[in-house]
Amino acid sequence: TTTSRVSATTAATTAVAVSALAIVAVSSWITLFRRTTKEPRIVSLCPSTTDTLYDLGLARYVVGRTRYCPKPPNGDDKRDTPAPPKVGGTKDPQWDRIRALKPTHILFNLEENDHTHRSTAESICPTLVHTPTTIVESMDMIFDLGQVFQVDHEAQRIVHDIQTSLDQLRQQQQHPKQTFTFLYVIWHHPDAMVAGRGTYIDSLLSAAGGVNVATQINDQRYPLLPKNELDVQADFCLLSTEPYPFKESHLPLYQKYGRNCRIIDGEMLSWHGSRSAAGLRYLMDYFDETK
């Protein structure tokens, strides 16, 4: 009918308009944050993001980092790149000091940083917010940083490395197909806490064939571990070396939660960005050793 044709035409026109707006929005985002000067001044408030900047070849542009962020590695000429000054912690950055550094960009993470500080960061300069909770989002962040700071080639190289590592891990778990259940413990005192679904940690372990039994507790991203045993004992109870520094001495306290209770490198499992490839390769070796 005429009415149906008009409705269809209107819907199609609306869809095209929305698509056009989406393209403009992405283009405007890149234009807003793309560095317009030869010398950007970056303050990074998340350790793994700082690490990613270094791997993108942007160490000389980092003018501020948290006390938990790594120092830049040696340059191609084997000389040390000067370490950027520390501007406090991830939860308690020194905003006056950051402002005095006159940054052109602040890199912010809603999980690592206090989300209520976001407006303070935005009042100083353009603030890029990335909070990857999956491997794909980790790669997206790298692409974004590559576009903003005009190091697209390096970003593509790093993402290719991550994708290759992910494909290799999946292939390893498929021949023969292996699945396992796990609990990943990140905190001990006063209450034990585990990584739940919707976390970057869960994304990596899921890629390795893992099924997170933290869902038996509740749907929170970081649920507290009950004092009593769970209904189902996990194949692996993994005690992370960060943020809580679990040691071998803690293993007997958590054996009731998993048939195999082990220490695992927390940095490898929780640092997103360019460290994702190393984390995926680490899991290939980690679970290969348990066979």
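Above this text sits the structure in question.
If you're wondering where the values come from, they're calculated on a predicted model, not measured in any experiment.

K.L.:
Describe the nonpolar core, naming the residues involved and giving the relevant values.
P.N.:
Y184, L205, L283 and F287 are the most contacted members of the largest nonpolar core, which totals 45 residues. With residues near it in sequence (within four places) discarded, L205 still touches F180, F182, Y184, G210, L238, L269, L283 and F287. L183, L225, C237 and C261 belong to the second-largest nonpolar core, a separate cluster that totals 18 residues.

K.L.:
Please give an account of helix α2 (residues 47-55) that cites residues and values.
P.N.:
Burial runs high along α2: eight of the nine residues are buried. Just past α2, the residue G57 takes up positive phi, approximately 80°.

K.L.:
Quick one: what's the story with the side chain of N113, residue by residue and with numbers?
P.N.:
Turning to its location among the elements, N113 is positioned in the loop between β3 (105-108) and α4 (118-124). A polar contact is formed between the side chain of N113 and the backbone oxygen of L45, at a distance of 2.7 Å. Residues contacting N113, with those up to four places away along its chain left out, are L45, T90, K91 and F108.

K.L.:
Account for the environment of I124, naming residues and giving values.
P.N.:
Looking at the secondary structure, you find I124 in helix α4. The spatial distance from the C-alpha of I124 to the C-alpha of I106 is 8.4 Å, given a sequence separation of 18 residues. For I124, the contacting residues outside a window of four places in its chain are W95, I98, R99, P103 and I106.

K.L.:
Go over the layout of surface pockets with me, naming the residues and quoting the values.
P.N.:
Summary: where empty space remains is shown by rolling a probe the size of a single water molecule over the atoms. Approximately 790 Å³ is the volume found for the largest pocket. In this structure, the largest pocket is lined by 27 residues; those nearest its centre are E111, E112, E242, P243 and S270. Secondary-structure elements contributing two or more residues to the lining of the largest pocket are α2, β5 (180-187) and α7 (200-207). Residues belonging to the lining of the largest pocket are distributed by class as follows: 12 nonpolar, nine polar and six charged.

K.L.:
Before we move on, can you summarise the sheet that holds strand β1 (residues 42-44) with the specific residues and values?
P.N.:
Taken in spatial order, the four strands line up as β2-β1-β3-β4 in an open sheet, and their pairing is parallel. Every other strand in the sheet has two partners, leaving β2 (62-65) and β4 (127-129) as the edge strands with one partner each. Across the sheet, the mean angle from the axis of one strand to that of its neighbour is 20°, orientation sign disregarded. With three bridges joining them, β3 and β4 adopt parallel strand pairing. By the bridge assignment for β4, L107 is matched with L128. α2 rests against β1, β2 and β3 of the sheet, and its axis sits at about 140° to β1.

So, how was this worked out
- All residue numbers here refer to positions counted from 1 along the written sequence of the relevant chain.
- This being a predicted model, a pLDDT of at least 70 is required before a residue's local features are given, and a value of 80 or more before pairs of side-chain atoms are given or counted; all residues contribute to the totals for chains, interfaces and linings.
- Side-chain figures throughout are based on the complete set of non-hydrogen atoms in the structure, without hydrogens or water.
- Joining through side-chain atoms within 4.5 Å is the link that ties buried Ala, Val, Leu, Ile, Met, Phe, Trp, Tyr and Cys residues into a set, and such a set is a nonpolar core.
- The buried label goes to any residue with under 20% of its type's maximum accessible area, the exposed label to any with over 50%, and the partly exposed label to all in between, with areas taken from a 1.4 Å probe on protein chains only.
- Throughout, a contact is declared for two residues whenever any of their heavy atoms are within 4.5 Å.
- Labels follow the DSSP assignment, with helices taken as runs of H or I lasting at least four residues and strands as runs of E lasting at least two, numbered in each case from the N terminus.
- Pairs of N or O atoms are called polar contacts if they sit within 3.5 Å, as long as, within protein, a hydrogen donor faces a hydrogen acceptor (for residues adjacent in sequence, only side-chain-to-side-chain pairs).
- Only protein atoms enter the 1 Å grid, on which a cavity is a set of points fitting a 1.4 Å probe that cannot get out and a pocket is an open set with protein on both sides within 12 Å along at least 5 of 7 lines, lining residues being those with an atom within 4 Å of a point.
- Grid points are joined across faces, edges and corners, and a volume is the space filled by probe spheres set on the points.
- The residue classification treats Ala, Val, Leu, Ile, Met, Phe, Trp, Tyr, Cys and Pro as nonpolar and Asp, Glu, Lys and Arg as charged. All others, Gly included, are polar.
- Whether two strands pair comes down to DSSP finding at least two bridges between them.
- Angles here are taken between N-to-C directions and fall from 0 to 180 degrees, while the axes themselves are lines fitted to C-alpha atoms, restricted in helices to the stretch in contact.

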